[in-house]
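A structural walkthrough
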Amino acid sequence: MRRVVLPLLSGLALSACAPHELGDDRARMAEEAQARSEILADRFQKELLSALTAAMAAEGPQGAIGVCSSIAPALAAQLSEESGASVRRTALKTRNPAAKADAAEQRVMASWAAAPIDDEGRPKRWTAREGGEYRYMRAIPTMPMCLACHGENIAPEVTAAIRAHYPEDQATGFAPGQLRGAFSIRWEDAALARAIRNGGGGQ
Ligand code: HEC
């Protein structure tokens, strides 16, 4: 008798609990993905800005283009490798064609184009579970220091240097406050689970 009842009972218990537990698990994973993505986007932004600021001061915008074109992809690769997530920048109008937005990124950035900053003055965020992944995006607004390379009146020698690296450049004509692009971070389930197991806050 026991042998029959026990599996039956545990089967019942499982079917009653599983959907609930699965929901809790998903919610926890979504929270983890968001918290870790926030840290990754902060680091990407901070490290890139300090490298860019130093290069601009030392070499001016023309020289800083080389720094930007080598440091930005290297940082994205390093943060991806360390975290297990896919970390990159994207835009509606790209300089590097590799930054071209996928359908979800296009949709989200189009909804931010008019106002990339929220009521509290923070860049807008988006999170979702899509295509079996946890996704995170954060708006990158245009700041005055970006105009030397992304603005309306770019010096001719800077334009020439940009064109030499990026013949398909579309990322000019921006004004301060406009949406320039976004950080875009994606977590596959296995990568996120591994990151959680390894501990730390995504650093
Ligand atoms: C010295 C010139 C320079 C300055 C100043 C500059 N950028 Fe860029 N930007 C570049 C280059 C070069 C790339 C292409 C980098 C690459 O190959 O990934 C780029 C790419 C980007 C991208 C990735 C998407 C794309 O279009 O390829 C974003 C987003 C971006 N810049 C935002 C900014 C913001 C925001 C600022 C101001 C804080 C800024 N940039 C200042 C030169 C510059």
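So, a few notes on the structure that sits alongside this text.

Reading the values: rules and limits
Residues numbered from 1 in each chain as written. Predicted model: local features only at pLDDT ≥ 70, side-chain atom pairs only at ≥ 80, totals over all residues. Heavy atoms only, no water. Helix = DSSP H or I, 4+ residues; strand = E, 2+ residues; numbered from the N terminus. Buried < 20%, exposed > 50% of the residue type's maximum accessible area, 1.4 Å probe, protein only. Contact = heavy atoms within 4.5 Å. Areas by Shrake-Rupley, 256 points an atom, 1.4 Å probe, with all protein chains shown as cover. Near = heavy atom within 4 Å. Polar contact = N/O pair within 3.5 Å; in protein donor to acceptor, adjacent residues only side chain to side chain. 1 Å grid on protein atoms, 1.4 Å probe; cavity = no way out; pocket = protein on both sides within 12 Å on 5 of 7 lines; lining within 4 Å. Sits in = over half its atoms within 2 Å of the grid points. Salt bridge = Lys/Arg side-chain N within 4 Å of Asp/Glu carboxyl O. Core = buried A, V, L, I, M, F, W, Y, C linked by side-chain atoms within 4.5 Å. Phe/Tyr/Trp six-rings, centres within 6.5 Å; stacked < 30°, edge-to-face > 60°. Lys NZ or Arg CZ within 6 Å of the ring centre and 35° of its normal. Pairing = 2+ DSSP bridges.

Here's the deal with the overall build of the protein chain
Of the regular secondary structure elements, the protein chain holds five helices and four strands. The helix and strand sequence of the protein chain, counted from the amino end, reads α-β-α-β-β-α-α-β-α. The buried share of the protein chain, reckoned over its 203 residues, is 35%. Sequence-distant contacts in the protein chain: of pairs separated by 6 or more residues, those separated by 24 or more amount to 70%. Split by element, the accessible area of the protein chain, about 11,400 Å² in all, is 57% carbon and sulfur.

Quick word on the site of the ligand
Looking at the ligand, there are 23 residues lining it, with Cys146, Cys149, His150, Tyr166 and Arg180 nearest. The separation between an oxygen atom of the ligand and a polar side-chain atom of tyrosine 166 is 2.6 Å. Interatomic distance of 2.6 Å between a side-chain N/O atom of arginine 180 and an oxygen atom of the ligand. At a threshold of 2 Å from the grid points, most atoms of the ligand map onto the largest pocket. Sorting elements by how many residues they give to the shell around the ligand places helix α1 (residues 2–83) first, with eight residues.

Considering the pattern of salt bridges
It is possible for side chains bearing opposite charge to pair when their charged atoms get close. Scanning the model with the defined rule gives 16 salt bridges in all. Linking glutamate 38 and arginine 138 is a salt bridge whose minimum nitrogen-to-oxygen distance equals 2.8 Å. With glutamate 38 in helix α1 and arginine 138 in strand β3 (residues 133–141), the pair connects residues that are 100 residues apart, well separated along the chain. Taking relative accessible area as the criterion, arginine 138 reaches 3% and is therefore assigned buried. Notably, a salt bridge pairs glutamate 105 with arginine 88, separated by 2.7 Å at the nearest N-O pair. Taken together, the positions of glutamate 105 in helix α2 (residues 103–112) and arginine 88 in strand β1 (residues 86–90) put the pair 17 residues apart, joining distant regions of the chain. Note on arginine 88: relative accessible area 23%, which makes it partly exposed. Put simply, Arg88, Asp102, Glu105, Glu133, Arg135 and Arg186 are held in one network by salt bridges that share partners.

Comments concerning the nonpolar core
Judged by nonpolar contacts, the single largest core of 20 residues is most densely connected at Leu40, Phe44, Val87, Ile185 and Trp187. Among the elements of the structure, α1, β3, β4 (179–188) and α5 (189–197) are those that each provide at least two residues to this core. Of all the elements, α1 adds the most residues to this core, at ten residues. One finds Val108, Trp112, Trp126 and Ala182 within the second-largest nonpolar core, a separate group that totals ten residues.

Thoughts on the packing of aromatic side chains
Scanning the model with the defined rule gives one aromatic pair in all. Ring plane angle 50° and centroid distance 5.3 Å describe the contact between phenylalanine 44 and phenylalanine 183, whose orientation is recorded as tilted. Taken as a pair, phenylalanine 44 in helix α1 and phenylalanine 183 in strand β4 lie far apart in primary sequence, 139 residues in all. The buried category is assigned to phenylalanine 44, whose relative accessible area is 1%. Over the ring of phenylalanine 174 we find lysine 93; its NZ or CZ atom is 4.9 Å from the centre of that ring.

With respect to the pairing of β3
Of all nine residues that make up β3, nine are buried, and the element is covered over most of its length. With six bridges joining them, strand β2 (residues 125–130) and β3 adopt antiparallel strand pairing. Residue pairing for β3: glutamate 130 is matched across the bridge by glutamate 133. Here β2 folds back onto β3 in antiparallel fashion, the turn holding two residues, of which glycine 131 has a positive phi close to 60°. Pairing of β3 with β4 involves nine bridges; the strand directions are antiparallel. Within β4, the residue paired with glutamate 133 across the bridge is glutamate 188.

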